Amino acid sequence: MKLTLPLLILGFVLQGYAQMSISAGTGISNGVGTQKKSFGFNLGLELPRSSDLTFFVRASAFLPNQDSTTRYANMTANDVTTTPYTLSVPYNIKSHTFYVEGGTRSYMLNDYDNGFALYGGSVFGIGINTTSAKFSKFDYTKQYEWEGLYSLPNANPTKGSIYYLALGIQGGFKYTIPVRGTLFFDITGTYSVLNLANNSAGENSHTYSRLNFLFQLGYRRDLY
């Protein structure tokens, strides 16, 4: 029932377009200053308003990226009779991102659905960057297994997220092969104008940056 209204609204919106396109591809996200690149996949929808102006929306999911820096957490025994009572356990930070962007594209040198063309436009995006701790099975001495016997203090969350809004610009090129479809490549630069972490773990992301570049490559199919 919760999905009925959004689907009806989407159906009415799409009825106003005689043509639309769906796309799929791969991409790389590079947060400036993070020294980490994340590989991901994207799905998109593009709706032409004229032969050289379109509206698009695209969702991208970037795979978990593990930080190479090893950190240590102090674990406390669940039973006061356990020896040793505290352990130092190594762990690494792992982060992944889900991002949705939309905006307009203006096509130059050729039309949206014809031959080679350049395109560009403005972008509005929302994203979630989730960070979690991946702990070693043993403590740093590799003598003691901690799972089930030790735990972190309640004040130390092991998973958290950053939610953010971003504005930016996009530029790229495409080549349409009659009947077969369109190949495209574009670069998007965005800046997070608003971000909110739900806890200290979310703030420790090693892949999130306020200034970010997305490199997307894919295939687009026009539907009439």
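Numbering of residues starts from 1 in each chain and follows the order in which that chain's sequence is written. Per-residue local features of the predicted model are confined to residues with pLDDT of at least 70, and side-chain atom pairs are confined, for both listing and counting, to 80 or more; whole-chain, interface and lining totals are unaffected and use all residues. The basis for the side-chain values is all heavy atoms of the structure; hydrogens and waters are excluded.

Caption draft 1: Representation of the overall build of the protein chain in the model. Within the protein chain one finds two helices and ten strands. Listing each helix as α and each strand as β along the protein chain from the N terminus yields α-β-β-β-β-β-β-β-β-β-α-β. A compact globule built from 224 residues should have a C-alpha radius of gyration of about 17 Å, whereas the protein chain, at 23 Å, is more than 25% larger. Projecting the C-alpha coordinates of the protein chain onto the three principal axes gives extents of approximately 75 × 40 × 30 Å. A 1.4 Å probe rolled over the protein chains alone gives each residue an accessible area, and that area as a share of the maximum for its type sets the label: buried under 20%, exposed over 50%, partly exposed in between. Counting all 224 residues of the protein chain, 40% fall into the buried class. Helical segments are the DSSP runs of H or I of at least four residues, strand segments are the runs of E of at least two, and each set is numbered from the N terminus. The quantity called the radius of gyration is restricted to C-alpha atoms. Its globule counterpart is 2.2 Å times the number of residues to the power 0.38.

Caption draft 2: Structural detail: the environment of M75. Structurally, M75 is set in strand β4 (residues 71-77). Residues M75 and D139 lie 64 residues apart in sequence; the distance between their C-alpha atoms is 9.1 Å. Filtering out sequence-adjacent residues up to four positions away, M75 remains in contact with Y85, T86, L87, V89, F135, W146, Y150, S151 and L152. Here, residues are in contact when the closest pair of their heavy atoms is within 4.5 Å.

Caption draft 3: Structural context of the packing of aromatic side chains. Aromatic pairing here means that ring centres of Phe, Tyr or Trp (its six-membered ring) are within 6.5 Å. Orientation follows from the plane angle: under 30 degrees is stacked, over 60 is edge-to-face, and everything else is tilted. In this structure the tally under the stated criterion is nine aromatic pairs. Plain terms: the ring middles of Y91 and F135 are 5.1 Å apart, the flat faces sit at 40° to each other, and that makes the pair tilted. In this pair, Y91 is assigned in strand β5 (residues 86-108) and F135 in strand β6 (residues 116-135), connecting sequence segments 44 residues apart. Using a relative accessible area of 17% as the deciding quantity, one classes Y91 as buried.

Caption draft 4: Representation of the confidence of the model for the protein chain in the model. Confidence scores labelled pLDDT are given residue by residue by the predictor and lie between 0 and 100. Scored by pLDDT, the protein chain comes out at a mean of 87, with 92% of its residues at no less than 70. Here residues 5-10 scores under 50 on pLDDT; set against residues more than four positions off or in separate chains, the count is zero contacts.

Caption draft 5: View of the pairing of strand β8 (residues 159-177). By definition, two strands form a pair when at least two bridges between them are found by DSSP. Pairing between β6 and β8: 17 bridges, direction antiparallel. Looking across to β8, one finds that I128 is bridged to Y163. As judged from the 16 bridges shared by β8 and strand β9 (residues 181-197), these two strands associate in the antiparallel manner. In the sheet register, Y175 faces β9, and the bridge partner there is L183. Here β8 hands over to β9 after three residues, with V179 in that stretch at a positive phi of 75°.

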